[in-house]
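Residues per chain are reported as follows:
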Amino acid sequence: MNKNKTILFSRQAIEGAVLRLAKQINADYKARPVVLVGILKGSFVFLADLIRKLDLDVTVDFAVLSSYGSATTSSGQVKMIKDLSAPIEGKDVLVVEDIVDTGITLKYFMDVLRQRRPASLAICTLIDKKARREVHIDVDYVGLEIEDGFIVGYGIDCNEEFRNLPEIWVIREEAEK
Ligand code: PRP
């Protein structure tokens, strides 16, 4: 399989989106301490950029979730590979995602987190792919919206490849001749 790629969001476009999100989050949380929860692996690049733009009292935790196997479509099954390392009861929690697609990953994770009684629970995603949503999710902060199309780069992979690309690209897979 050959993978043809074209740039969808440049470094500047991503930087602009991250800055806009950080300004909104800074304004909304003001002096309140916030626990940023990154969903790995995809969110690590976005979270690293976002956190350096936050003028807040911030702590960070991670969960490792996986909904895709090796294919480019969701299996519909979410696996918690690693849970958070600390309790979130009574805390203001902001979940940070690279992309919301079907919404299945976040639906599962938000249900798990809600049972732990955080003071507040919100979602920040860099990319929202609304057209493919299968379950309802309230996303509080959206950086960039896209239509259908398989994207890679800036932490997002295809079969674990391409996470290191600084831009966000669209992939078209074509059978080799
Ligand atoms: C990707 C992405 C989101 C999820 C979104 O993760 O990082 O967590 O899929 O898809 P959904 O809205 O259809 O559930 P993936 O399971 O590919 O793992 P990764 O973060 O390790 O790449």
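Placed above this text is the structure.
Residues numbered from 1 in each chain as written. Predicted model: local features only at pLDDT ≥ 70, side-chain atom pairs only at ≥ 80, totals over all residues. Heavy atoms only, no water.

Undergrad: Teacher, can you tell me more about the overall build of the protein chain here?
TA: From N to C terminus, the protein chain includes 3 helices and 9 strands. Secondary structure of the protein chain in N-to-C order comes out as β-α-β-α-β-β-β-α-β-β-β-β. By the compact-globule yardstick of 16 Å for 177 residues, the protein chain fits well, its C-alpha radius of gyration being 16 Å. In terms of principal-axis extent, the alpha carbons of the protein chain reach across some 60 × 35 × 25 Å. Evaluated residue by residue, the protein chain yields a buried proportion of 45% over its 177 residues. Taking the intrachain contacts of the protein chain between residues at least 6 apart in sequence as the baseline, contacts between residues at least 24 apart amount to 68%. (Helix = DSSP H or I, 4+ residues; strand = E, 2+ residues; numbered from the N terminus. Rg over C-alpha atoms; globule rule 2.2 N^0.38 Å. Buried < 20%, exposed > 50% of the residue type's maximum accessible area, 1.4 Å probe, protein only. Contact = heavy atoms within 4.5 Å.)

Undergrad: Would you mind showing me how to read the pattern of salt bridges here?
TA: Oppositely charged side chains are able to pair whenever their charged atoms sit close together. Counted according to the given criterion, the structure contains 15 salt bridges. One salt bridge in this structure joins aspartate 111 and arginine 114, with 3.0 Å as the shortest N-O distance. Of this pair, aspartate 111 and arginine 114 both sit in helix α3 (residues 104–114), 3 residues apart, which is roughly one turn of the helix. Here aspartate 111 falls in the partly exposed class, since its relative accessible area comes to 29%. (Salt bridge = Lys/Arg side-chain N within 4 Å of Asp/Glu carboxyl O.)

Undergrad: How should I be thinking about helix α1 (residues 11–29) in this particular structure?
TA: Each turn of an α-helix holds 3.6 residues, which means side chains three or four residues apart point in the same direction. In this model, α1 (19 residues) spans 27 Å end to end at C-alpha, consistent with the 27 Å of a helix rising 1.5 Å per residue. All of the buried residues in α1 are Ile14, Ala17, Val18, Leu21, Ala22, Ile25, Asn26 and Tyr29. Take α1 and look down its axis: the buried residues cluster within an arc of 170°, on one side only. Exposed and oriented more than 90 degrees from the buried face of α1 are Gln12 and Lys23. Note on α1: the residue one or two positions beyond its end, lysine 30, has a positive phi of about 40°. (Expected span 1.5 Å × (residues − 1). Arc of directions from axis to C-beta.)

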